[in-house]
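Next come the chains, spelled out residue by residue.
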Amino acid sequence: MKGILQFIIMIVALSIALSGCTSNQSDDSKIHDLTVSKYDGKIKELMAKMTIEEKIGQLNMLSGDWAITGPFIRADFKQDIKAGKVGSMLNCYTVDYTRELINLSVDSTRLGIPLLLGYDVVHGHRTIFPIPLAEACTWDLNLMEQTARIAAIEASAEGIHWTFAPMVDITRDPRWGRVMEGAGEDPWYGSLVAIAKVKGYQGDDLSKDNTILACVKHVAAYGAAEAGRDYNTVDLSLRSLYETYLPPFHAAVEAGVGSAMTAFNEINGIPCTENQWLWEDLFRKQWGFDGLVVTDYTAINEMIEHGVAANLYQASVLAINAGVDVDMVGQGFLLNLKQAIEKGDVTQEQLDKAVYRILKAKFELGLFDDPYKYCNKEREKADIMIPERTQFCREVATKSMVLLKNSNKLLPLSKEIKTIAVIGPLADNKIDMIGGWSAAGDRNSRPVTLFEGVKNKLSSKTVVLYALGTDFNTSSTEGFDEAIRAAKQADVVLLALGESNDMSAEAKSRSSIDLPGNQNLLADEILKVNKNTVIILMNGRPLTIQHLDDVAPAILETWFAGTEAGNAIADVVFGDYNPAGKLTMTFPRNAGQIPIYYSHKNTGRPFDVNNSWTSHYIDVDNTPLYPFGYGLSYTRFEYSNLTLDKKEMTHPEVVRVSVTVTNSGNYDGEEVVQLYIQDLVGSVTRPIKELKGFEKIFIKQGNSVTVHFTIGQEELSFYREDMSFGSEPGEYRIYVGGSSDTENSVRLTLN
Ligand code: NOJ
C-alpha cells in the first residue's frame, strides 16, 4: 500500500514540476507583474513617447569590432545607433570610443536614449587576476568580492557599464573548456562565490560611476554539456537541475543581480532562450528576479539549428514570449518584432515589459542623469593598473595556488640556491600567463613570467638558467638537449608545464586532458638528470597528471595566475607565502573517470574491494587523483576532538560542531577547515557528502585553534521526494577535515 502511495505522489509531484518545465504556451496569467522601479514614473513617461520601432531598437544589442567573442555578424552599428535601432552594444571600451558611440545614441536619435555598453569582464579588466577557477581555490569570499570590485572600477573607468559575469555554471567535466570561468563543481560553494561576485561588481549603489551591472550566466545547466563538448546538448533530471545547477543562480538573484544570460543549451528539450518556465515561472515569478534577461551570442538565431523554430521570425517570437529582453548580436528582434506584434504573435505588453526592464537598468546606472559618466579621460588614466592593485593581484595569485605534492619537503626552496634552471613552454612565456577571457588585459608585455619572477626574487649570487624544452603542440625533441644541459647544471629545476591559455575557455573543449604535446616526455628526461625538479603547472582546468604524480617529487598547481603570475609563483616556491589553496574541482586519474566529483551518490553497489560485483573499473581506481577540497601546506595540520554540543536535535534547534586544528609542522600557515554532511537515510537517494561549511584560519606553528560551525535546518535541507525543500528526521554523519575525503566524523540525529 505504502509503495503504491509513494508512486502516486512521485508521479503527481513530477508532473507538476515538469509541466512547468515543458510548458511553452503563452498564458498572461502566468506572467507576473513587473516589480515597480523607483524610476517607474520616468520610465513610463519616456515609454509613452516611444514609437514601436524605438522600443524594438532598445532590445537590440550589436557587437563592436574590438573583440570577437562569437561568430561575426556584420552590422553597420554606427549607422544603426544613429537610426535608433540599437539599445546596447558589447565589445567596445576606452573612454574615447565609448564616448563616440554614446554620443551617436544621445545626439543623433529622436529621444536621445543612451546606449548600454557591456563586455566580458571576467577576472579583471586591465589588472588581470587569476582565472576564476583558480581564485575559487582561495576559499576567501572577501577576496573574491574585492577582485570583482577592482574589475568593475577599471572597466567603468574605460566606459563599460555592464559585465557578462559572474559565470556560475557548476561543472563536473574538466573536458569542458569553460570550467576556467567558474568556481568548480560544488553548488553550495558556487552559490557563495556567486553572491561575492555580484556584490563586488554592483557594489551598494549602481548609480555610482565605478559600479557596473552584473550578469549571472549561463542560465541554466550549461556546464552539463554532454561529453564536455561546448555547445553540446544537455539532458538531466529535474532533481539534478534543482540540486546541482540552479543554486548559484538563485543565490545571485537573492543578492540582487541586475541581469542574467540565457544558456545556449536546452533544458528538457526546450532551449533556454525560449524557455518560458525558466524565465517567467522560475526566475521572475518564483524567485522575484526583476532584472534584464539577455540572450547569449546569437542564441535566438540558433533556435533554428536546435530545430524548434523554422525561421528567425518564429525564433524571435518564442524568445520574447519566454521573457527575454535583449537579443545579443543576432538581430532577430530588430527584424521581426514589429511584424510579430502586428500579427498578434507577440503582445504590445510583452514588448513593453522588455523595454521597461532595459530602461530601468539604464536609469539605475544613472545613464539618464549623465550618459557620459563612465567617460572620464582623467579617471581612465589614473584608475587603471595602479600599483596597489598589482600588489593585491600578486597576493590573490599566491592564495590561488594549490600544492598537490611535496615529497621530502622539497618545497619551499632556499633563496641561497647557487644555480636554478627554469624550464618548459610556460617558463618564460608572457602570452599564456593571464589565461582566457582576459578582457582588456595586456598579454604581450605586462605579465610577469616565471623566469622573471625567479630573477626578481633571488640575489645576483644565484645563477638562473632558462630553456624552453618543448612546445605544446609538438612531438619534436629538438629543444630537449638544451633543457637537459640546464637541468644538469642546476641544483634545482622549476619545470613549467601545462596548457596554453587558448586551450581553455569558450569553444575550447578537449577530449583528452593530458598534458598536451610531449611535455610528459620532457619531464621524464629532466627528472633523469635532476631529481630536485618541481613541476609548476599552469592550466585552465583539472588535468590528468597521474604520470607526473608518479614520477615528480613536487607539483604546484598555479593555474593561469594573472598579471603578476611569475612573482606570485616565486613567492610560494621560495616560501614567502605558505600555500593554502584547496581544489574546488576534482582531478581525475584519467579522462575515463569523468564525470567525477566528490558529492556523488552511493549507488546500490558501492565499491567493495572484496566483492567484484560492485561499482568499479577494472583498469583504474574509483578515487580521483586529487579530490575536491584537497591541497597541501608547507606545514602539517592535525584534526582532533570533533564534537557536537548535542547528539540529537529537534527543529528549530541548532547544533554546534567543534573541532580542534593543530599546526604541528614547522611553518605558520592557513588551513581551510571543511564541514561536510551526509544524510544516511532519506526519502530519496542522497550524496555521500555535501559541503555545508568552511572556515579559513591562520595558525602559528605549534598552536591549536578550535573552530566552530553551526548546523541548522538549512544545512540539513534538500529537495525531498515531492521536490519540496526541507529536512527529514533521521540520522546524519557530520565530517570535518582538510579535504572532501576526510573520514573524521560524528553522528547526529534529527528528531
Ligand atoms: C558567448 C559566451 O557564451 C558568453 O559567455 C559571452 O558573454 C558572450 N559570448 C559575449 O562575449
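None of these values were measured; they are calculated from a predicted model. (Residues numbered from 1 in each chain as written. Predicted model: local features only at pLDDT ≥ 70, side-chain atom pairs only at ≥ 80, totals over all residues. Heavy atoms only, no water.)

Student: Would you take a moment to explain the overall build of the protein for this structure?
Tutor: Counting its secondary structure elements, the protein contains 23 helices and 26 strands. Here the C-alpha atoms of the protein give a radius of gyration of 27 Å, agreeing with the 27 Å that 2.2 N^0.38 yields for 751 residues. Across its three principal axes, the protein shows a C-alpha extent of roughly 75 × 70 × 45 Å. Across the 751 residues in the protein, those meeting the buried criterion constitute 62%. In the protein, the share of contacts with a sequence separation of at least 24, taken over all contacts with a separation of at least 6, comes to 78%. Total accessible area on the protein is roughly 27,800 Å²; 50% of this is exposed by carbon and sulfur atoms. Seen as two clouds, the 72 positive and the 97 negative side-chain charges of the protein have centres 3 Å apart. (Helix = DSSP H or I, 4+ residues; strand = E, 2+ residues; numbered from the N terminus. Rg over C-alpha atoms; globule rule 2.2 N^0.38 Å. Buried < 20%, exposed > 50% of the residue type's maximum accessible area, 1.4 Å probe, protein only. Contact = heavy atoms within 4.5 Å. Areas by Shrake-Rupley, 256 points an atom, 1.4 Å probe, with all protein chains shown as cover. Lys, Arg positive; Asp, Glu negative; His and termini not counted. Charge placed at Lys NZ, Arg CZ, Asp CG, Glu CD.)

Student: Explain unusual backbone geometry to me, please; I cannot follow it from the model alone.
Tutor: Cis peptide bonds are those with omega within 30 degrees of zero, and the linkage from Val-219 to Ala-220 qualifies with -5°. Looking at the secondary structure, you find Ala-220 in the loop between β5 (215-219) and α9 (238-245). Going from Ile-594 to Pro-595, the amide bond is cis rather than trans, its omega being 0°. By the element assignment, Pro-595 lies in the loop between α22 (565-573) and β17 (637-644). A positive phi angle, close to 70°, is found at Ala-221, a residue other than glycine. Tracing the chain through its elements places Ala-221 in the loop between β5 and α9.

Student: Explanation requested: the domain arrangement of the protein in the structure shown.
Tutor: Here the protein is described as being made up of domain 1 (2-379), domain 2 (397-593) and domain 3 (637-750). Taking only C-alpha atoms into account, the centre of domain 1 sits 36 Å from that of domain 3. Tallying the contact residues gives 14 residues for domain 1 and 14 residues for domain 3. For the pairing of domain 1 and domain 3, the buried interface totals around 1,400 Å² over both sides, and the portion due to carbon and sulfur atoms is 68%. Together, Trp-139, Trp-188 and Arg-239 form the three largest contributors to the area buried by domain 1 at its contact with domain 3, with a combined 50%. Between domain 1 and domain 3 we count 3 residue pairs in polar contact (both at pLDDT 80 or more) in total. Sort the elements by how many residues they give to the side of domain 1 that touches domain 3 and α9 lands first, with 4 residues. Of the residues in the side of domain 1 that touches domain 3, the class split is 9 nonpolar, 2 polar and 3 charged. (Domains from an automatic or database assignment. Buried area = accessible area lost by both parts, 1.4 Å probe. Polar contact = N/O pair within 3.5 Å; in protein donor to acceptor, adjacent residues only side chain to side chain. Nonpolar A, V, L, I, M, F, W, Y, C, P; charged D, E, K, R; others polar.)

Student: Explain the environment of Asn-520 to me, please; I cannot follow it from the model alone.
Tutor: Note on placement: Asn-520 falls in helix α20 (residues 519-529). In this structure the C-alpha to C-alpha distance between Asn-520 and Gly-592, which are 72 residues apart in sequence, comes to 19 Å. Among residues more than four places away in sequence, those in contact with Asn-520 are Leu-515, His-547 and Leu-548.

Student: What should I look at first to understand the environment of Ala-568 in this one?
Tutor: Residue position: Ala-568 is located in helix α22. The contact partners of Ala-568, leaving out residues within four places of it in the chain, are Arg-394, Ala-397, Thr-398 and Met-401.

Student: Explain the sheet that holds strand β20 (residues 669-679) here, please?
Tutor: Sheet strands associate in pairs through backbone hydrogen bonding, adopting either a parallel or an antiparallel arrangement. What the 5 strands build is an open sheet, ordered β18-β26-β25-β20-β21; its pairing is mixed. Two strands in the sheet have a free side with no partner beyond their single neighbour: β18 (648-649) and β21 (690-699). Bridge count for β18 against strand β26 (residues 745-750) is 2 bridges, and the pairing is parallel. Paired with Glu-648 across the two strands is Thr-749, which belongs to β26. (Pairing = 2+ DSSP bridges.)

Student: Hey, could you run me through the pairing of β5 in this one?
Tutor: Two faces make up the sheet, and in a regular strand the side chains alternate between them. Burial analysis of β5 places 5 of its 5 residues in the buried class, which makes it a mostly covered element. Taken together, the 3 bridges between β5 and strand β6 (residues 259-262) define a ladder with parallel strand orientation. Bridging from a neighbouring strand, Val-216 pairs with Ala-260 of β6.

Student: Explain the environment of Gly-738 to me, please; I cannot follow it from the model alone.
Tutor: Mapped onto the fold, Gly-738 is located in the loop between β25 (730-737) and β26. Through-space distance from the C-alpha of Gly-738 to that of Gln-276 is 42 Å; in sequence the pair is 462 residues apart. Leaving out residues up to four positions away in the same chain, Gly-738 has contacts with Lys-582, Gly-629, Tyr-639, Glu-671, Val-672 and Gln-674.

Student: Is there a simple way to think about the pairing of strand β16 (residues 554-557) in this case?
Tutor: The side-chain alternation of β16 yields two buried faces, one formed by Ala-554 and Leu-556 and the other by Ile-555 and Glu-557. Of the pairings in the sheet, the one linking strand β11 (residues 402-406) to β16 comprises 4 bridges and is antiparallel in character. Its bridge partner being in β16, Asn-406 is matched across the sheet by Ala-554. The pairing of strand β15 (residues 533-538) with β16 spans 4 bridges and is classified as parallel. Looking at the pairing, Ile-536 lines up with Leu-556 of β16.

Student: Explain helix α13 (residues 312-322) to me, please; I cannot follow it from the model alone.
Tutor: For the α-helix, the turn length of 3.6 residues means that residues three or four positions removed from each other point alike. Extensive coverage of α13 is indicated by the burial of 9 of its 11 residues. Taken together, the buried positions of α13 are occupied by Leu-312, Tyr-313, Ala-315, Ser-316, Val-317, Ala-319, Ile-320, Asn-321 and Ala-322. Buried positions along α13 lie against α11 (276-286), α12 (302-306), α14 (332-343) and α15 (348-364). Count one or two residues on from α13 and you reach Gly-323, which has phi positive near 105°.

Student: Explain the sheet that holds strand β9 (residues 292-294) to me, please; I cannot follow it from the model alone.
Tutor: An order of β5-β6-β9 is seen for the 3 strands of this open sheet, with the pairing classed as parallel. Because the sheet does not close on itself, it has two edges, and the strands there are β5 and β9. Shown here is a sheet whose adjacent strand axes are inclined to one another by a mean of 25°, direction ignored. Taken strand by strand, α11 contacts β5, β6 and β9, and its axis lies near 155° from that of β6. (Axes fitted to C-alpha atoms, helices over the stretch in contact; angles between N-to-C directions.)

Student: When you look at α22 in this model, what are you seeing that I'm missing?
Tutor: Taking burial as the measure, the 9 residues of α22 include 9 buried ones, the bulk of the element. Those residues of α22 that sit buried are Ala-565, Gly-566, Asn-567, Ala-568, Ile-569, Ala-570, Asp-571, Val-572 and Val-573. Looking at the buried side of α22, the elements it contacts are α17 (387-400), α18 (450-457), β14 (492-498), β15 and β16. Looking one or two residues past α22, Gly-575 carries a phi angle of roughly 80°, positive in sign.

Student: Before we go on, may I ask you to explain the packing of aromatic side chains in this structure?
Tutor: The description of an aromatic ring pair uses the distance of the two centres, along with the angle that the planes make with each other. Scanning all chains against the criterion turns up 26 aromatic pairs. Each ring, one from Phe-451 and one from Tyr-466, has its centre 5.4 Å from the other, and the planes form 40°; the classification is tilted. In this pair, Phe-451 sits in helix α18 while Tyr-466 sits in strand β13 (residues 463-467), placing the two residues 15 residues apart along the sequence. What links up through ring pairs into an aromatic cluster is the set Trp-139, Trp-188, Tyr-189, Tyr-598, Phe-628, Tyr-676 and Phe-694. For Lys-689, the ring lying beneath its charged end belongs to Tyr-735, and the centroid distance is 4.4 Å. (Phe/Tyr/Trp six-rings, centres within 6.5 Å; stacked < 30°, edge-to-face > 60°. Lys NZ or Arg CZ within 6 Å of the ring centre and 35° of its normal.)

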